[in-house]
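Structural features, examined
Listed here are the chains, written in short residue letters.
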Amino acid sequence: MEGLEDMWGHLSLTEEEEVIIEVDNGSGEEIQRKGERSMIGKVCFERYVGKDVIGNTMARIWRISKRAVFQEVERNTFVVTFATHADKERVLEGKPWLFDNVLFILVPYDGIMQPRRIAFDHETFWIQIHRLPLGCMSTEWGKWIGDSVGRCMEVDVESDGVGWGKCLRVKVEMLLCKAIVRGRFINVQGKKLWIHFRYEKLPKICFTCGWITHGEEGCSV
Ligand SMILES: [Zn+2]
């Protein structure tokens, strides 16, 4: 059954509807300031999650100065407003965040985007790269490997660019609508080696297709 809004969609615009409301400075100062302390978040949960439930849960998880305010703007999608910029930065730094083992994706607010049109198709993860030769535990190698998975944002190394330890950690912005990769082959001086990835704070993934989240359509495999 088509909704009234869908049926209306087939009609062409009337002259009255084509009039554009134009304002020089899109939004007032107050709303802009509030926007700068806000982010848009989506819980990738099949069931409906109310703003109090997600608000209470995140209040326990986030170590910030004051409780963030949640406003529902779409199903399972919220504007999250922080008391201070420092709180917002802290939450941004600590991504990804999970709610009941599913992702709570957070994207910066730009004042223009319509919540319904935000893709929520990427998120930041810390990946531990295991079994790397010591000679490859560096900023360069971290960046090469990280960029092969998504967009490498940071490599956890000492000030000299060396990251010796049990693993090399890289922060990567990853697309969610593809199967998660378990590792990579690297070629070091003619030797082919398999290196293994471990994801920190990995949510429940779909074991059929390996994706972290599905859209409204669900699993396509
Ligand atoms: Zn799937």
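About the thresholds
- Residues numbered from 1 in each chain as written.
- Predicted model: local features only at pLDDT ≥ 70, side-chain atom pairs only at ≥ 80, totals over all residues.
- Heavy atoms only, no water.
- Salt bridge = Lys/Arg side-chain N within 4 Å of Asp/Glu carboxyl O.
- Helix = DSSP H or I, 4+ residues; strand = E, 2+ residues; numbered from the N terminus.
- Buried < 20%, exposed > 50% of the residue type's maximum accessible area, 1.4 Å probe, protein only.
- Domains from an automatic or database assignment.
- Contact = heavy atoms within 4.5 Å.
- Buried area = accessible area lost by both parts, 1.4 Å probe.
- Polar contact = N/O pair within 3.5 Å; in protein donor to acceptor, adjacent residues only side chain to side chain.
- Nonpolar A, V, L, I, M, F, W, Y, C, P; charged D, E, K, R; others polar.

Looking now at the pattern of salt bridges. Two side chains that carry opposite charge are able to pair once their charged atoms sit near each other. With the rule as written, the count across this model stands at 9 salt bridges. Between R116 and E74 there is a salt bridge; the shortest N-O distance is 3.5 Å. Linking R116 in the loop between β5 (102-108) and β6 (122-130) with E74 in strand β2 (residues 69-74), this pair joins segments that are 42 residues apart in sequence. Residue E74 is classed as partly exposed on the basis of its relative accessible area, which comes to 27%. When the shortest N-O distance is used, the salt bridge between R169 and E200 registers 2.8 Å. Of this pair, R169 sits in strand β8 (residues 168-175) while E200 sits in the segment after β10 (191-199), placing them 31 residues apart in sequence. Looking at E200, the relative accessible area reads 22%, which means it is partly exposed.

By domain assignment, the protein chain separates into domain 1 (21-115) and domain 2 (122-199). One C-alpha centre belongs to domain 1, the other to domain 2, and the line joining them spans 29 Å. Listed per partner, the contact involves 7 residues of domain 1 and 6 residues of domain 2. Of the roughly 590 Å² buried at the junction of domain 1 and domain 2 (both faces included), carbon and sulfur atoms supply 55%. Interface area lost by domain 1 to domain 2 is led by K95, P96 and L103, which between them contribute 62%. Summed over the shared surface of domain 1 and domain 2, the number is 2 salt bridges. Between E93 and K171 there is a salt bridge, with the nearest N and O atoms lying 3.6 Å from each other. The tally of links from domain 1 across to domain 2 stands at 2 residue pairs in polar contact (both at pLDDT 80 or more). Of all the elements, β5 adds the most residues to the side of domain 1 that touches domain 2, at 4 residues. Considered class by class, the residues forming the side of domain 1 that touches domain 2 number 5 nonpolar, no polar and 2 charged.

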